[in-house]
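The residues making up each chain are set out below.
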Amino acid sequence: MGYKINLGSWGSVFAVPSDVVDKYIKIAGGSSVKVLLYFLRHSGRELDAAEIAQALYMKEEDVSDAFIFWEQQGLLKNSGGEYLPAADNSKPDAVYEQATFLPLSESKESDLQKAQLAVTRAAALRSPEFSPSQIADTVKADDKLNYLFKVCEKLYGRPLKHAEQNALVTITEHIGLPAEVALMLVDYCFLIGKTSPAYMKTAAMDWVEKEVTTLSEAEEYVSKLQTQHNAENTVKSLFGLDRAMSQKEKDFSALWINEWGFSPDVIKAAYDININAKGKCSFPYISKVLENWYEKGISTVEQVNEERKNGKTSKNSSLDVSAVYQSVLDDYKKGE
């Protein structure tokens, strides 16, 4: 009597390194996993990014990013266009980790740190990773984190939602911001009215990347952020902006108020000149007007009016001063 087993779809299988699940499944994005599985399924064949992208309904750049991710994790290495296992992952973790800390040149060490931060950022900004029981156990074992949770409940005025709890655990346990520094970050987020879990996690990653990880560094950085935020709000109010400002516009605002020290009424005067000359708000134009005044030592509205009056009545020019500013700003036109 013969025997036969029908495995169905299990009749065709391929191997996946255990490290993919054991070490990287929590931090790997969905696209990275899809690309790796497709690549392993077609091992031995030469595939290009276009073919993989078409098969997986992805963008080619996303496919390339997936391969870079697995290279950064040490799972694969690129040898002349051919990907090979980067190391013997069956070795004990201690040996694997020891190899990670071999001396690196300064440039390579910087690149590695950037890669690790990029991986951490990608993982941190995804959907929640910690279960309610994991969060409860983590908070119970850490007095500082427990205090952070209690303070946040008072700030929200209610018990924390799971997404908010997860964000706090992610910030302290995953991103690595100390609980006391995370408390300052949360307090600042409430101060500026941006209290979503996603914003807090993004801000925490920015702090870590800027090496703001101690109380003294956090105090100094928060002071700087508050000054910048106040400058942005002042300019938004002066210009009647009801939208979010671009980073370039934020930089201009900080320059005018925090570095050049102009008062709101002088900035408004520059804005009025801009509107009269161009009919629409142009931050580069306004900045050039203010730069001209800054170099001349003009810092009050009275001095602005006097300068404009002199500009109109000067025998060297019968044009309004705004026309002069327009000619100075020709180099900005192409960039607007």
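Residues numbered from 1 in each chain as written. Predicted model: local features only at pLDDT ≥ 70, side-chain atom pairs only at ≥ 80, totals over all residues. Heavy atoms only, no water.

**Some remarks on the overall build of the protein**
Keep this limit in mind: Helical segments are the DSSP runs of H or I of at least four residues, strand segments are the runs of E of at least two, and each set is numbered from the N terminus. Exposure categories follow from relative accessible area, calculated using a 1.4 Å probe and restricted to protein chains: below 20% of the type maximum is buried, above 50% is exposed, and the middle band is partly exposed. By definition, residues are in contact when any of their heavy atoms lie within 4.5 Å. Accessible areas in this description were obtained via Shrake-Rupley with a 1.4 Å probe; residue shielding takes into account the shown protein chains only.
In terms of helices and strands, the protein carries 18 helices and 2 strands. Across the 336 residues of the protein, 33% fall into the buried class. Considering only contacts within the protein whose residues lie at least 6 apart along the sequence, 59% involve residues at least 24 apart. When the accessible surface of the protein is summed, it comes to about 20,500 Å², and 52% of that surface belongs to carbon and sulfur atoms.

**Thoughts on the packing of aromatic side chains**
Definition in use: Planes of paired rings set the category: under 30 degrees apart is stacked, over 60 is edge-to-face and the rest tilted, where pairs are Phe, Tyr or Trp rings (Trp by its six-membered ring) whose centres lie within 6.5 Å.
Going through the model one piece at a time under the given rule, you end up with 12 aromatic pairs. Residues Phe39 and Phe67 carry aromatic rings whose centres are separated by 5.0 Å and whose planes lie at 80° to one another, so their mutual orientation is edge-to-face. Highlighted residues: Phe39 in helix H2 (residues 30-41) and Phe67 in helix H4 (residues 60-72), separated in sequence by 28 residues. Comparing Phe39 with Phe67 shows no difference in burial state: the two are buried. Among the aromatic residues, those joined into a ring-pair cluster are Phe239, Phe252, Trp256, Tyr271 and Phe283.

**Re unusual backbone geometry**
Non-glycine residue Tyr57 carries a positive phi angle of around 55°. Among the secondary structure elements, Tyr57 is positioned in the loop between helix H3 (49-56) and H4. The exposure class of Tyr57 is exposed, given its relative accessible area of 79%. Even without being a glycine, Glu211 presents a positive backbone phi close to 60°.

**A closer look at the nonpolar core**
Worth spelling out the cut-off: Note on terminology: a nonpolar core comprises buried Ala, Val, Leu, Ile, Met, Phe, Trp, Tyr and Cys residues joined through side-chain atoms within 4.5 Å.
Phe149, Leu177, Leu185 and Trp207 are the most contacted members of the largest nonpolar core, which totals 32 residues. Ignoring sequence-local partners within four residues, the contact set of Leu185 consists of Leu177, Met200, Ala203, Ala204 and Trp207. In terms of nonpolar packing, the next biggest core, distinct from the first, is built from 23 residues, Met245, Ala270, Trp293 and Val304 among them.

**Considerations on empty space enclosed by the protein**
Quick reminder of the rule: Buriedness for pockets is judged along seven lines, at least five of which must meet protein on both sides within 12 Å for an open set on the 1 Å grid over protein atoms alone, while cavities are sets there where a 1.4 Å probe fits but cannot get out, and lining residues have an atom within 4 Å of a point. Grid points are joined across faces, edges and corners, and a volume is the space filled by probe spheres set on the points. Three categories are distinguished: nonpolar for Ala, Val, Leu, Ile, Met, Phe, Trp, Tyr, Cys and Pro, charged for Asp, Glu, Lys and Arg, and polar for the others, with Gly belonging to the last.
Taken as a whole and assessed by the stated rule, the structure comprises 1 cavity of 30 Å³ or more. Taken as a whole, the largest cavity spans an internal volume of roughly 40 Å³. For the largest cavity, the full set of lining residues is Cys152, Tyr156, Glu164, Ala167, Leu168, Pro197 and Met200. At the level of secondary structure, the elements contributing two or more residues to the lining of the largest cavity comprise helix H8 (143-156), helix H9 (162-174) and helix H11 (197-209). If one sorts the elements of the lining of the largest cavity by residue count, H9 sits on top with 3 residues. A breakdown of the residues in the lining of the largest cavity according to their chemical character gives 6 nonpolar, no polar and 1 charged.

**Some words on H9**
Of the positions making up H9, those classed as buried are Glu164, Gln165, Asn166, Ala167, Leu168, Val169, Thr170, Ile171 and Thr172. One or two positions beyond H9, positive phi appears at Gly176, with a value near 95°.

**Let's talk about the confidence of the model for the protein**
Heads up, the rule is: One confidence number per residue, pLDDT, is output by the predictor and ranges from 0 to 100.
A residue-level look at the protein finds 73% of positions with pLDDT of 70 or above and a mean pLDDT of 78. Mean pLDDT across the elements of the protein ranges from a minimum in helix H5 (residues 93-100), with 34, to a maximum in H8, with 94. Below a pLDDT of 50 lies the segment residues 88-108, which in the model reaches 10 contacts outside its immediate sequence neighbourhood of four places, other chains included. The model gives residues 313-320 a pLDDT under 50, and that stretch makes 7 contacts with residues more than four places away or in other chains.

**Brief notes about the pattern of salt bridges**
Any two side chains of opposite charge can pair, given that their charged atoms come close. This is how it is decided: Basic side-chain nitrogens of Lys or Arg form a salt bridge, by our definition, when they fall within 4 Å of a carboxyl oxygen of Asp or Glu.
Applying the stated criterion across every chain yields a total of 6 salt bridges. Between Arg158 and Glu164 there is a salt bridge, with its nearest N and O atoms 2.7 Å apart. Among the residues examined, Glu164 registers a relative accessible area of 8% and is labelled buried.

**Section: the environment of Asn166**
Take Asn166: it is sitting in helix H9. With relative accessibility at 1%, the residue Asn166 sits in the buried group. Measuring from C-alpha to C-alpha, the distance between Asn166 and Phe130 comes to 6.2 Å, with 36 residues separating the pair along the chain.

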